[in-house]
Structures are given as structure tokens and as C-alpha cells.
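# Structural overview for review
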Amino acid sequence: MKKRILTGITTTGTPHIGNYLGAIKPSLNLATENPESFFFLADYHALIKNKDSQNIKESVKNVALAWLSSGLDTDRSYFYRQSDIKEVTELSWILSTITAKGLMNRAHAYKAATAENKSDEDKGINMGLFSYPILMATDILIFNSTHVPVGADQLQHLEMTRDIAQRFNHLYKSIFNIPEAIIQEDGKVVPGLDGKKMSKSYNNIIPLLSDEKTLKKSIAKIVTNSLEPGQPKDTDNCTVFNLFSHFASNEEQEEFKAAYKEGISWGDAKNKLFEAVNSELSPIRERFNELSKDNNLVNDLLDAGAKKVKPLAQDMLGEVRELVGISKIG
Ligand code: TRP
């Protein structure tokens, strides 16, 4: 079977460096060798946490531009908006009827949300959050993806996707490929300003498409310890070093390590990080500024993308409907 790569980014808020390192960059690298690449904007997923329609639209546009500015070639890949493929919602429902509730109870995202609640476990938790992994499984299975590049935090969702696919195949017929996750950077999670996983929900992001000044300001906000200049510093568990490692060669990392040992000041360390990040991001920023001038570009590309993928989704859904008995009565 041909390799088919698929990944999505949830369209809540501003695209950030975590999206870029965790999804965009590795996926585009893979796409150079694999013409069968599917990249999409997960706006159904975004509704779970975001009730601001304007913000959703804005985010769809910016995440799309982030992909395009980073080099996505729409002639050589499938690029679309999840909600344009309405077949996704129908398949998601069908898959929810074969998914054990117990499996969803174990989802980290749901468990983390209930753990924060005290007397009422389910306070503020909507059904979208609870069944999030089923929707994600649908995204992957509807196009029979074989490989899914994701951040380490998404591994459990991939396991669940495999479970759901196997269950359907077992109950009806083997039609779903069992997909594999591709995890970047030895499973390292991209840290945000406070050292936790970079995420809109934690309010700790470094934006991908900001101007130089804003980028510098964001980097200045990274939390460090209170060691003084001249005091040797540890690169393990250091957010500044960790981020640097994503943008620098091994040699540059060794040099930076040596500087840590010699007691580089946090100010200087952050400047070095800024330079590394900025040199990679400035061409992307330039392309973004260029592409943003064309107001119709994103809509046009997404319309064309929807046209390209819809028939594939319809084929898969048609087969599933037939298998489960939602089809013409013979
Ligand atoms: N859950 C992913 C995230 O938040 C986004 C996503 C939705 C996704 N559907 C997907 C990723 C399918 C890969 C495949 O990062």
C-alpha cells in the first residue's frame, strides 16, 4: 500500500511555534517524498473550545496561511478545511456507535478536564470534548491514511484510532487501514514560555507569524531560573535550550551547551535563541506578508482542496453506509 500522510491542526487562535515544529515542518518534509499528503484545518475540533465565530474564521485563515507560508504546495498535496467535508460528521457518528464509552473515559484530554473539577466532575465539559478522539479517528480513517505525523501528546489519540479501526474491521469488514503515528524529535514536546507544552490553552505560545519585535518580546518572556551571569547553567529541562535545539544543528547545540557551562547570562542565551528562531522564520514571515495581501487566496485554495478530497470521502462513507445497513433496501 502506498504511504498516505495526513495531519491536521485545530484552528483555535494564532498558529504558534509548537504547530510549526510539531506538525507543519515535519509533515512538509515528509511530503517532499510522498505525493499522497493530506493537510487540513480542524475547525470542527475548534468548536469544542471556541465559541467565538469570528475568532474561528480568523484562525482558519491564519493557520492556512501558516501552512502555505511554510512551503505547502497545494498542487502536490491535498489541503482542505475539515468542515467542508460533511462526510466527516456522518462517519464520526457511525464510528461513535462502535466505540466503547470506556475507551473515551480514558482519554487524557477528557481526564485532565475532569481532574481540574472538584464537586461536579463534568462541569464545563461538552460532549465534543468527550468524543474528540472519535472525530480525530474519523479524520484519519476516512482517507485511509497510513502515517500520521503528530506531537507526542497526540499518541494516545492514534492508539484510539487504531482501536476504533480494528473494531470496525472486525465487526463488518476490513476496510480501514490501521494507521501509524510519526512522532518527531524523539517524542520531545515543544515547550511554551512556562516550560509546559506549548498550547493556546496554557496561554504560553510563541506566535509563528509575528514580526521580529514581537518574536523577541515573546522569547524574553520565557521563564528561567534565577542563576546569575557567570554561574554555570544546566541545559536539561531548560526551555531556552530545548527550543534552541529545534532550530539549531548539532554543532550549534554543542557550542550552546559549552556557553551554558561557562555561565552565559539568560539575556544572552535568549538573544541566541532569538537569532536561531528568527533566521528560520524570517523567510516564512516574508511569504506570509506577501500571501496575506490576496484576500481570496485562502478561500479559493480551500474550495479547490475540498473538491479534490470530497470524492474520496464520499467513496469511503458510501462503503461504510453499505456495510452498516444505511443504504437502499434491496
Ligand atoms: N488533535 C490534533 C491536535 O490538537 C489535531 C487533529 C485533529 C489531528 N484531527 C487530526 C491531527 C487528525 C492528526 C490527524 O494537535
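Computed from a predicted structure; not experimentally measured.

In this section: the overall build of the chain. Within the chain one finds 14 helices and five strands. Over its C-alpha atoms the chain spans a radius of gyration of 21 Å, differing by no more than 12% from the 20 Å that the globule rule assigns to 330 residues. Oriented by its inertia axes, the alpha-carbon framework of the chain measures out at about 80 × 50 × 40 Å. Out of the 330 residues in the chain, the part that is buried amounts to 50%. A separation of at least 24 residues holds for 78% of the contacts in the chain among residues at least 6 apart in sequence. Within the structure as shown, the chain displays about 16600 Å² of accessible surface, and the carbon and sulfur contribution to it stands at 48%. In the chain, 40 positive and 43 negative side-chain charges are present, and the distance between their average locations comes to 4 Å.

Okay, the nonpolar core next. Of all hydrophobic cores here, the largest spans 56 residues; its most connected members are Ile-17, Trp-67, Phe-79, Ile-206 and Tyr-260. If one sorts the elements of this core by residue count, helix H13 (residues 266–291) sits on top with nine residues. Each of domain 1 (5–189 + 295–324) and domain 2 (210–290) gives at least three residues to this core. In this structure, Tyr-260 is in contact with Gln-231, Pro-232, Lys-233, Asp-234, Thr-235, Cys-238, Val-240, Phe-241, Trp-266 and Ala-269, ignoring residues within four places of it in sequence. Among the nonpolar cores identified, the runner-up in size contains 45 residues, and Ile-48, Met-136, Val-150 and Phe-176 belong to it.

Bringing the site of the ligand into the picture now. Around the ligand, 14 residues are found, and the nearest of them are Thr-10, Tyr-132, Met-136, Asp-139 and Gln-154. Contact distances for the ligand include 3.3 Å between an oxygen atom and a side-chain N or O atom of Thr-10. About the coverage of the ligand: the protein hides 87% of its 370 Å² of free accessible area. For the shell around the ligand, the secondary structure elements donating two or more residues are strand E1 (5–10), strand E2 (37–42), helix H8 (132–141) and strand E4 (147–150). Classifying every residue of the shell around the ligand gives eight nonpolar, five polar and one charged.

Let us now look at the environment of Ser-245. Of note, Ser-245 is situated in helix H11 (residues 239–247). In this structure, the C-alpha to C-alpha distance between Ser-245 and Ala-276, residues 31 residues apart in sequence, is 9.4 Å. Apart from the residues within four sequence positions on either side, Ser-245 is in contact with Lys-188 and Gln-253.

Moving on, we get to the environment of Trp-67. Its location among the elements puts Trp-67 in helix H3 (residues 53–69). It is 22 Å that separates the C-alpha atoms of Trp-67 and Val-88, two residues lying 21 residues apart in sequence. Non-local contacts of Trp-67, meaning those with residues more than four positions away in its chain, are made with Thr-7, Ile-9, Ala-23, Ile-24, Ser-27, Leu-28, Phe-39, Phe-40, Leu-41, Leu-72 and Phe-79.

Okay, helix H9 (residues 155–171) next. The terminal C-alpha atoms of H9, which comprises 17 residues, lie 25 Å apart, in line with the 24 Å expected from a rise of 1.5 Å per residue. For H9, the complete set of buried residues consists of Gln-156, His-157, Leu-158, Met-160, Thr-161, Ile-164, Ala-165, Phe-168 and Asn-169.

Taken domain by domain, the chain consists of domain 1 (5–189 + 295–324) and domain 2 (210–290). One C-alpha centre belongs to domain 1, the other to domain 2; they are set 31 Å apart. At the boundary of domain 1 with domain 2, total buried surface from both sides reaches about 1000 Å², with 60% on carbon and sulfur atoms. Seen at the junction of domain 1 and domain 2, the total is one salt bridge. Two residues, Lys-25 and Glu-280, come together in a salt bridge whose shortest N-O distance is 3.0 Å. Between the two partners, domain 1 and domain 2, sit three residue pairs in polar contact (both at pLDDT 80 or more). Mapped by element, the contributors of at least two residues to the side of domain 1 that touches domain 2 are helix H1 (17–33) and H3. In terms of residue class, the side of domain 1 that touches domain 2 is made up of six nonpolar, four polar and three charged.

With that settled, consider the pattern of salt bridges. On inspection of all chains with the given rule, the structure shows nine salt bridges. Linking Glu-87 and Lys-310 is a salt bridge whose minimum nitrogen-to-oxygen distance equals 3.1 Å. Separated by 223 residues along the polypeptide, Glu-87 in helix H4 (residues 87–96) and Lys-310 in helix H14 (residues 297–324) bring together distant segments of the chain. Between Lys-293 and Glu-290 there is a salt bridge, and its shortest N-O distance comes to 3.2 Å.

Moving on, we come to the packing of H3 against H13. One can describe the packing of H3 onto H13 by two numbers: an axis separation of 9 Å at closest approach and a directional angle of 125°. With respect to H13, the element H3 is oriented oblique. Considering the relative orientation of H3 and H13, their crossing is right-handed. Listed contacts from H13 to Asn-62, Leu-65, Leu-68 and Ser-69 of H3 are Ile-284, Arg-287, Phe-288 and Leu-291. Tallied by class, residues from the contact of H3 with H13 come to five nonpolar, two polar and one charged.

Take the side chain of Thr-161 next. Along the chain, the position of Thr-161 falls in helix H9. Looking at Thr-161, the relative accessible area reads 0%, which means it is buried. If sequence neighbours within four positions are ignored, Thr-161 has contacts with Ala-137, Ile-140, Leu-141 and Pro-179.

What counts, and where the lines are drawn
- Each chain has its residues counted from 1, running along the sequence as written.
- Whole-chain, interface and lining totals are the exception, using all residues; otherwise, since this is a predicted model, local features are given only for residues with pLDDT of at least 70 and side-chain atom pairs are given and counted only at 80 or more.
- Side-chain numbers here rest on the full set of heavy atoms in the structure, without hydrogens or water.
- Strands here are runs of E lasting at least two residues and helices are runs of H or I lasting at least four, both read from the DSSP assignment and numbered beginning at the N terminus.
- Only the C-alpha atoms count toward the radius of gyration. The rule for a globule is 2.2 Å times the residue count to the power 0.38.
- Three exposure classes are used, based on accessible area relative to the maximum for each residue type with a 1.4 Å probe and protein chains only: buried under 20%, partly exposed in between, and exposed over 50%.
- Contacts: residue pairs with any heavy atoms within 4.5 Å of one another.
- In these tables, accessible area is a Shrake-Rupley quantity obtained with a 1.4 Å probe, and a residue counts as shielded only by the protein chains included in the view.
- The charged-residue count follows a simple rule in which Lys and Arg add positive charge and Asp and Glu add negative charge, with His and chain termini not counted at all.
- Charge positions are represented by NZ for Lys, CZ for Arg, CG for Asp and CD for Glu.
- In these notes, a set of buried Ala, Val, Leu, Ile, Met, Phe, Trp, Tyr and Cys residues joined through side-chain atoms within 4.5 Å is what counts as a nonpolar core.
- Just so you know, the domain bounds were taken from an automatic or database domain assignment.
- Residues are classed as near a molecule or strand on a simple rule: at least one heavy atom within 4 Å of it.
- Definition of a polar contact: a pair of N or O atoms within 3.5 Å, with one able to donate and the other able to accept a hydrogen when the atoms are protein atoms, and with sequence-neighbouring residues admitted only if both atoms are side-chain atoms.
- All residues other than Ala, Val, Leu, Ile, Met, Phe, Trp, Tyr, Cys, Pro, Asp, Glu, Lys and Arg, Gly among them, are scored as polar; the first ten of these are nonpolar and the last four charged.
- To estimate how far a helix should reach, multiply one less than its number of residues by 1.5 Å.
- Defined here as a combined quantity, buried area equals the accessible surface (1.4 Å probe) lost by two parts on assembly, summed across both.
- Salt bridge, as used here: a side-chain nitrogen of Lys or Arg that lies within 4 Å of a carboxyl oxygen of Asp or Glu.
- The angle between two axes is taken between their N-to-C directions and runs from 0 to 180 degrees, where each axis is a line fitted to C-alpha atoms and a helix contributes only its stretch in contact.
- For classification, angles of less than 35 degrees are called roughly parallel, those exceeding 145 degrees roughly antiparallel, those between 65 and 115 degrees roughly perpendicular, and all remaining angles oblique.
- By convention, the crossing between two helices is left-handed when the near helix turns anticlockwise from the far helix through less than a right angle, and right-handed when the turn is clockwise.

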